[in-house]
Amino acid sequence: MRHMRFRACFIVAIMVAVTARGEDQPIIQYGDRFHPQIGYGGMVVSQEALASQVGADILAQGGNAVDAAVATGFALAVTLPQAGNIGGGGFMMIHLAEAGRTLALDYREMAPGAAHRDLFLDDQGRADPQKSRFSALSSGVPGTVAGLVHAQHKYGRLGLEAVMAPAIRLAEEGFRVDFPLYWSLKRARERLSRHPAAREYFLAADGSAPETGTLWRQPDLARTLKRIAGTAGRDFYEGETARLIVEEMSRQGGLITLQDLKNYQVFERHPVSGTYRGYEVVSMPPPSSGGVHLVQMLNILEGWDLASLGHNSAAYLHRLVEAMRRAYADRSQYLGDPDFVDVPVMALTDKSYAATLRRHISLDKATPSSEVAPGLAVPKEGRQTTHFATWDEDGNVVSNTYTLNFSYGNGIAVSGAGFLLNNEMDDFSAKPGVPNAYGLIGAEANAIEPRKRPLSSMTPAIVLKDGQPVLATGSPGGSRIITAVLQMVLNHIDFDMNLAEATAAPRVHHQWLPDEVSVEKGISPDTVKLLEAMGHKVEITPWVIGRTQSLSREDDVFLGVTDFRWPGGAAVSPR
Ligand code: DON
């Protein structure tokens, strides 16, 4: 069965046909866009085609999956300014084939030393979203440069200068603005025009978005990237770029100091892992909530034969939603930066805890969220983001999600340095019970403290079978990331879908509060009626949920699928 689908996929790939780009063609040429789903010699998938191509070129030059990921990460900072970044942070899962292990790299932003728990409250004690989302106070100390440099230095094969060269070239020589970039800049015009440097870097002289086809050069960003490449990243934290960031902070009233930048630390953490129907699912531990709740929901769902219920049937979606509701209730209470609070990872990902939760799920009616308190049974111990993945011939795999939080972060660019800053501080709980931009509420565990990392939902994941990776996936989408990744895993394992089917299948989301199920338009109205009859409040979302980027491999054939319901992404292989 899988084989037949595989063959169908292959024929489609031939039809969308792709020839590898010859050495003589410049990377910056407009129209250089391919969307192969099948390739050889490794594969790279990301939300932006030029950046995927950069990664594939690095594989062709003999780089491994980590080199390709770092090259793609820096390239996205140039070609996908809404989410690709050097002013933000993220998480990278790295599977090392030879060592047979997977590690979790944490390069999440850190709160500046002068941050404090009431940072975003006004004088009446109310949370002020303007401060936490759009002011310079919203920026955490960026971790992307430290994270990418760390990964390359420790696990890459080529030098940092070699893997950063394509990004520098894209910034220096420029590339043509395509429709997705034009559309995105147009939507962000208002925010970007509030700050002089952002206006200068990202908008045309008359304040409009640069037209499709415009050659877009970013000379300040090119110089910043060169300094980073030439100093193994130190410039960003201690040199000229650090100085420019701090100057911007003092102009805009932000908190980040030279000392904060110097103190920034990357951590290698033990991934959260779980088993699911004979597969191993490995993802990001705290300060992400992604891995914990992905495994927790899979544990709950493992107790039912989902395949027999039928994909996206009301009976299936009901179980999914009830699992989501319970996981997000726990998230609100227990999850935070593990360097500051004890997160009961073992308890939350324990199969017997999941069994207890499952027992309380009625199979024919919704449990109102008001009746689901966080962690009742936990044993005592305890809007643009982007995902990309790379896979090399030796079996090394990288699954990486990084972000500025919102598209274009807080819209504040560092003057002279050419890049935007994040507004990740809004991912903290500004005040207990007050939702953040994604409607997520938090408590003590995610309160603001100096040098703490805000809780994240980013869920870069790798699924293994008998120790061999079979799927790398992840998504943007704020609170919806974890449930989008969950559904990719379920579609692949329970419903035996190929990557394209798994990506295209309509998704649902529930996050405990608000007590409503978001469903994509592709879920049948009959199903919606059945869910409503069970007591679910259903909201049809105008957007698709998440934007997954996924890779898998069968023998020497690599398969890659960008969420083609959004334009601009591509899976590219060296051959
Ligand atoms: O770390 C998080 O969970 C959020 N800052 C992610 C934001 C996001 O995915 C926005 N994208 N759609």
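Residues numbered from 1 in each chain as written. Predicted model: local features only at pLDDT ≥ 70, side-chain atom pairs only at ≥ 80, totals over all residues. Heavy atoms only, no water.

Trainee: Looking at this structure, I do not really get the pattern of salt bridges. What am I missing?
Mentor: Two side chains that carry opposite charge are able to pair once their charged atoms sit near each other. Evaluated as defined, the whole model comprises 29 salt bridges. In this structure, Asp426 engages Arg133 in a salt bridge whose closest nitrogen and oxygen atoms are separated by 3.2 Å. Each of the two residues, Asp426 as well as Arg133, counts as buried. Two residues, Glu172 and Lys226, come together in a salt bridge whose shortest N-O distance is 2.5 Å. Within this pair, whereas Glu172 is found in helix α6 (residues 160–173), its partner Lys226 is found in helix α10 (residues 219–230), the two being separated by 54 residues in sequence. Exposure remark for Glu172: the relative accessible area of 39% places this residue in the partly exposed category. What emerges from the salt-bridge pattern is a single network uniting Asp106, Arg269, Asp339 and Arg453. (Salt bridge = Lys/Arg side-chain N within 4 Å of Asp/Glu carboxyl O. Buried < 20%, exposed > 50% of the residue type's maximum accessible area, 1.4 Å probe, protein only. Helix = DSSP H or I, 4+ residues; strand = E, 2+ residues; numbered from the N terminus.)

Trainee: Help me understand the sheet that holds strand β3 (residues 89–96), please; the structure alone is not making it clear to me.
Mentor: Across a sheet, strands are paired by hydrogen bonds formed along the backbone, either parallel or antiparallel in direction. Spatial ordering of the open sheet is given by β7-β4-β3-β11-β10-β2-β21, a layout of 7 strands whose pairing is antiparallel. Sheet topology places β7 (267–269) and β21 (570–572) at the edges, where each strand pairs with a single neighbour. For this sheet the average axis-to-axis angle between neighbouring strands, irrespective of direction, equals 15 degrees. Direction of pairing for β3 relative to strand β4 (residues 101–107): antiparallel, over a ladder of 7 bridges. Looking at the pairing, Gly90 lines up with Tyr107 of β4. (Pairing = 2+ DSSP bridges. Axes fitted to C-alpha atoms, helices over the stretch in contact; angles between N-to-C directions.)

Trainee: Just checking my understanding: could you explain the confidence of the model for the protein for this structure?
Mentor: The predicted coordinates should not be examined in detail at positions where pLDDT is low. With 92% of its residues at a pLDDT of at least 70, the protein reaches an overall mean of 92. In this model residues 376–382 is a low-confidence stretch, pLDDT under 50, and it forms 16 contacts with partners more than four residues away in sequence or in other chains. (pLDDT = per-residue confidence, 0-100. Contact = heavy atoms within 4.5 Å.)

Trainee: What is the right way to look at the nonpolar core in this model?
Mentor: One broad rule of soluble globular proteins: the nonpolar side chains tend to lie buried together. Counting 86 residues, the largest nonpolar core has Leu301, Leu320, Leu486, Leu490 and Val508 as the members making the most contacts within it. Beyond its immediate sequence surroundings of up to four residues, Leu320 is in contact with Leu301, Leu486, Gln487, Leu490 and Val508. (Core = buried A, V, L, I, M, F, W, Y, C linked by side-chain atoms within 4.5 Å.)

Trainee: Can you walk me through the pairing of strand β10 (residues 385–392) in this structure?
Mentor: Regular strands have side chains that alternate between both faces of the sheet. In terms of burial, β10 is a largely internal element, 8 of the 8 residues being buried. Because side chains alternate across β10, one face comprises the buried residues Thr385, His387, Ala389 and Trp391, and the other comprises Thr386, Phe388, Thr390 and Asp392, equally buried. Where strand β2 (residues 42–46) and β10 come together, 4 bridges link them in antiparallel fashion. Paired with Val44 across the bridge in β10 is Thr390. Strand direction decides the pairing type here: β10 and strand β11 (residues 397–403), joined by 7 bridges, are antiparallel. Residue Ala389 lies in a different strand from β11, and its bridge partner there is Ser399. Counting the residues in the hairpin turn of β10 and β11 gives 4 residues, including Gly395, whose phi is positive at 95 degrees.

Trainee: How should I be thinking about the sheet that holds strand β18 (residues 538–540) in this particular structure?
Mentor: An order of β16-β17-β18 is seen for the 3 strands of this open sheet, with the pairing classed as mixed. Only two strands of the sheet have a single partner each, and these edge strands are β16 (508–509) and β18. Note: strand β17 (residues 517–519) against β18, 3 bridges, orientation parallel. Among the inter-strand pairings, Val519 is bridged to a residue of β18, identified as Ile540.

Trainee: Just to check I follow, could you spell out a nonpolar patch on the surface for this structure?
Mentor: Together, Phe179, Trp183 and Trp543 line one region of the surface with nonpolar side chains, adding up to about 330 Å² of accessible area. Here Trp543 lies in the loop between β18 and β19 (549–554). (Patch = residues over 30% accessible without salt bridge, like charges linked within 9 Å, V, L, I, M, F, W, Y side chains within 5 Å. Areas by Shrake-Rupley, 256 points an atom, 1.4 Å probe, with all protein chains shown as cover.)

Trainee: How should I be thinking about helix α2 (residues 49–60) in this particular structure?
Mentor: The periodicity of an α-helix, 3.6 residues per turn, causes residues three or four positions apart to be oriented the same way. With 12 residues, α2 extends 16 Å between its outermost C-alpha atoms, agreeing within 8% with the 16 Å of an ideal straight helix rising 1.5 Å per residue. Summarising burial for α2: 11 of the 12 residues are buried, a large majority. On its buried face, α2 is in contact with β2, α3 (65–79), α6, β5 (175–176), β10 and β21. N-cap assignment for α2: the residue whose side-chain oxygen lies 3.0 Å from the backbone N of Leu50 is Glu48. Once α2 finishes, Gly62 follows within two positions and takes phi at roughly 100 degrees, a positive value. (Expected span 1.5 Å × (residues − 1). Polar contact = N/O pair within 3.5 Å; in protein donor to acceptor, adjacent residues only side chain to side chain.)

Trainee: Would you explain the packing of aromatic side chains in this entry?
Mentor: Note on aromatic pairs: each is described by the distance of the centres and the angle between the planes. Scanning the entire structure with this criterion turns up 13 aromatic pairs. Measuring from centroid to centroid gives 5.1 Å for Tyr316 and Phe495, while their planes differ by 80 degrees, and the two rings are edge-to-face. One exposure class covers both Tyr316 and Phe495, and it is buried. Seen from their ring centres, Phe388 and Tyr402 are 5.6 Å apart, and the 85 degrees between their planes marks the pair as edge-to-face. With Phe388 in strand β10 and Tyr402 in strand β11, this pair connects stretches of sequence that are 14 residues apart. Its relative accessible area of 0% is what places Tyr402 among the buried residues. Connected via pairs of aromatic rings, a cluster forms that spans Phe175, Tyr201, Phe202, Trp216 and Tyr408. Taking the ring centre of Phe134 as reference, the NZ or CZ of Arg194 above it sits at 5.6 Å. Positioned over the ring face of Trp304 is Arg319, at 5.5 Å from the centre of the ring. (Phe/Tyr/Trp six-rings, centres within 6.5 Å; stacked < 30°, edge-to-face > 60°. Lys NZ or Arg CZ within 6 Å of the ring centre and 35° of its normal.)

Trainee: What should I look at first to understand the environment of Val414 in this one?
Mentor: Mapping Val414 onto the fold places it in strand β12 (residues 413–414). Those residues in contact with Val414, other than ones at most four positions away along the chain, are Tyr201, Leu244, Ile245, Glu248, Phe419 and Leu421.

Trainee: Hey, could you run me through the side chain of His510 in this one?
Mentor: Along the chain, His510 turns up in the loop between β16 and β17. For His510, a relative accessible area of 0% corresponds to the buried category. Within the structure, His510 has its side chain in polar contact with the side chain of Asp515 (distance 3.1 Å). Only 3.5 Å separates the side chain of His510 from the backbone nitrogen of Glu516, close enough to count as a polar contact. If near-sequence neighbours (up to four positions away) are discounted, His510 is found in contact with Val321, Met324, Arg325, Tyr328, Ser369, Thr483, Asp515, Glu516 and Val517.

Trainee: Mind showing me how you'd approach α3 here?
Mentor: Over its 15 residues, α3 runs 20 Å from end to end, which matches the ideal 21 Å to within 8%, given 1.5 Å per residue. The element α3 is extensively covered by neighbouring structure, given that 15 of its 15 residues are classed as buried. For α3, the side-chain oxygen to backbone nitrogen distance between the N-cap and Val66 is 3.0 Å, and the N-cap itself is Asn64.

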